[in-house]
Amino acid sequence: MNYAGPAEETPARSGLELTPFRGLRYDPDRVGSLAAVTSPPYDVIVRPDGLLHLESADPHNIVRLILPQDTTPTARNRQAADTLHDWVSEGVLAADPEPGLYVYEQHDDGMLQRGIIGALRLSEPSAGVVLPHEDVMPHIIADRAALMRATSANLEPLLLTYRGNGSRVGTAAVIERAAEGDPLLSTTTEDGFSHRLWAITDPADLAEIQTDLGRHQALIADGHHRWATYLRLRAEHPSPSPWDYGLVLLVDTARYPLRVRAIHRLLHNLPVAEALTALTDSFRVRHLDVALPEALEALAAAATEGNAFLLAGDGSFHLVDRPSPDLLARTVPPDRPEAWRTLDATVLHATLLAHIWGIPEDSPADIAYIHDTAATVDKAERDGGTAVLMHPVREEVVRDLARQGVTMPRKSTSFGPKPASGLVLRALPLCGTPARHPGETRG
């Protein structure tokens, strides 16, 4: 299937509407360091190890808001709300003096990425303005919605991409001009990425951005569950309302291409030996007596010829490829485009999980979705489960399917680098009270 090319220009009334807001940010004089209070997005943190590491990094680490810990969901969400209230009251978090958009830069040795953070007007997928590309799980939406209701805040931005025309005008021009000035904040996190943030408050710059983005559509690169949560919460509040908007980072991938990586599966209750035995008659299975980097190279080579997976958890790696065509014909739904039917994630969910292994894809007790490759293997070996390592999908395939309105299986891709959580938050009015919450947008 051919790539459809850059996003079509759309009338301003149906394009992206990015609104300034009063960012809620850490006071660097009230925390150990800005790096110590940041976190990866909530669904990237490997629990419990990563969670404990972040909690111990600084008593004000953002993880205490995005992944609060207590005995019940209600108690966890109340704890997050109380913590946010305390941090604002104590001045640990403070709202910027005026609404603005925020230029956000991430940089490491091999990549520079810049984008714009703001409150984006929400729209349904049918509007064709913001395109999802993955299915979502209802229990995660319910969990995130309960947390956002309790805190009355967007605690971390989603990552959305759009395709500019490559010129240095409009949003691109404003971003590059801002990056020449002194940033609001600058820090380097332990993963080696440096982060810088600038505020855009000049009315002419804001108008230039809004006019430019009004001609574009966006692809959800990371944050499908939070976008679905935004839509649920919008439906709960009469419009017009600050809940008509959600916190996002928009990146022009014509200027700053993202890295696309796979999201792996950890099957808690399926030992490797049992998983492999079930595949004997339907896939080719090869044992690899190599280390993880070499095993991933073998997976990449096999993926160029068709569906391929790498199983681990017993101290070794097992390359699984060449599925039976008859089996695929019987298990993969035929009513989707060929590009969807031949995805590794499609074959994994429709053929391996549902048909061969009988594992429900939406059961946290049976399956976990983990971004870090080594962590997936390590947890499988410690817990006696099976790690299923995936090969990433090309961005053009993702975008092409999204334009057709076809969603991929859940957790099919990992675009990055992802925005660090904790650099800027968006607070909303407390439900049921007339008082304005710090940082509330008037959008």
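Our subject is the structure that appears above.
Note that the structure is a prediction, hence the values are computed from the model and not measured.

**A word on the side chain of threonine 386**
Here is step 1 of the chain: If you trace the backbone, threonine 386 turns up in strand β19 (residues 386-389).
Here is step 2 of the chain: For threonine 386, a relative accessible area of 0% translates into the label buried.
Here is step 3 of the chain: Looking at threonine 386, its side chain comes within polar contact range of the main-chain nitrogen of valine 272, at 3.2 Å.
Here is step 4 of the chain: Each residue touching threonine 386, except ones within four places of it in the same chain, is listed here: Arg265, Leu266, Leu267, Leu270, Pro271, Val272, Ala275, Leu311, Ala312 and Ala380.

**Concerning the nonpolar core**
Here is step 1 of the chain: Grouped together as the largest cluster of nonpolar side chains are 116 residues, with contacts concentrated most on Trp227, Leu250 and Trp357.
Here is step 2 of the chain: Setting aside residues up to four positions removed in sequence, tryptophan 357 forms contacts with Leu267, Leu270, Ala275, Ala278, Leu279, Leu311, Leu348, Leu352 and Val388.
Here is step 3 of the chain: Leu288, Ala308, Ala387 and Leu389 belong to the second-largest nonpolar core, a separate cluster that totals 19 residues.

**Let's talk about empty space enclosed by the protein**
Here is step 1 of the chain: Using the criterion set out here, one finds four cavities of 30 Å³ or more in the structure.
Here is step 2 of the chain: In this structure, the largest cavity encloses a volume near 120 Å³.
Here is step 3 of the chain: Lining the largest cavity are 14 residues; nearest its centre among them are Glu134, Asp222, Gly223, His224 and Lys411.
Here is step 4 of the chain: For the lining of the largest cavity, the secondary-structure elements that each account for two or more residues are β11 (218-222) and α8 (224-236).
Here is step 5 of the chain: Of all the elements, α8 adds the most residues to the lining of the largest cavity, at three residues.
Here is step 6 of the chain: Looking at the lining of the largest cavity, its residues break down into three nonpolar, five polar and six charged.
Here is step 7 of the chain: By volume, the second largest cavity amounts to about 70 Å³.
Here is step 8 of the chain: Lining of the second largest cavity is provided by Ile66, Arg144, Leu147, Met148, Ala153, Asn154, Leu155, Glu156, Arg226 and Tyr230.
Here is step 9 of the chain: At the level of elements, α5 (138-151), β7 (153-154) and α8 are the ones that each hand at least two residues to the lining of the second largest cavity.
Here is step 10 of the chain: At three residues, the largest contribution of residues to the lining of the second largest cavity is made by α5.

**A few points about helix α14 (residues 373-383)**
Here is step 1 of the chain: Among all positions of α14, only Thr373, Ala375, Thr376, Val377, Lys379 and Ala380 are buried.
Here is step 2 of the chain: Near the N-terminus of α14, the side chain that reaches the backbone nitrogen of alanine 374, with its oxygen 3.3 Å away, is that of aspartate 372.
Here is step 3 of the chain: In the segment just after α14, glycine 384 is the residue with positive phi, at about 80 degrees.

**Notes on the packing of helix α4 (residues 73-90) against α5**
Here is step 1 of the chain: It is at 8 Å that the axes of α4 and α5 come closest, and there the two elements cross at 35 degrees. Judged by the twist between their axes, the crossing of α4 over α5 is right-handed. Residues Asn77, Ala80, Ala81 and Leu84 of α4 form the contact with α5, whose participating residues are Ala146, Leu147, Ala150 and Thr151.
Here is step 2 of the chain: When its residues are assigned to classes, the contact of α4 with α5 shows six nonpolar, two polar and no charged.

Parameters and conventions
Residues numbered from 1 in each chain as written. Predicted model: local features only at pLDDT ≥ 70, side-chain atom pairs only at ≥ 80, totals over all residues. Heavy atoms only, no water. Helix = DSSP H or I, 4+ residues; strand = E, 2+ residues; numbered from the N terminus. Buried < 20%, exposed > 50% of the residue type's maximum accessible area, 1.4 Å probe, protein only. Polar contact = N/O pair within 3.5 Å; in protein donor to acceptor, adjacent residues only side chain to side chain. Contact = heavy atoms within 4.5 Å. Core = buried A, V, L, I, M, F, W, Y, C linked by side-chain atoms within 4.5 Å. 1 Å grid on protein atoms, 1.4 Å probe; cavity = no way out; pocket = protein on both sides within 12 Å on 5 of 7 lines; lining within 4 Å. Points joined across faces, edges and corners; volume = space filled by probe spheres on them. Nonpolar A, V, L, I, M, F, W, Y, C, P; charged D, E, K, R; others polar. Axes fitted to C-alpha atoms, helices over the stretch in contact; angles between N-to-C directions. Left-handed = near helix turned anticlockwise from the far one by under 90°.

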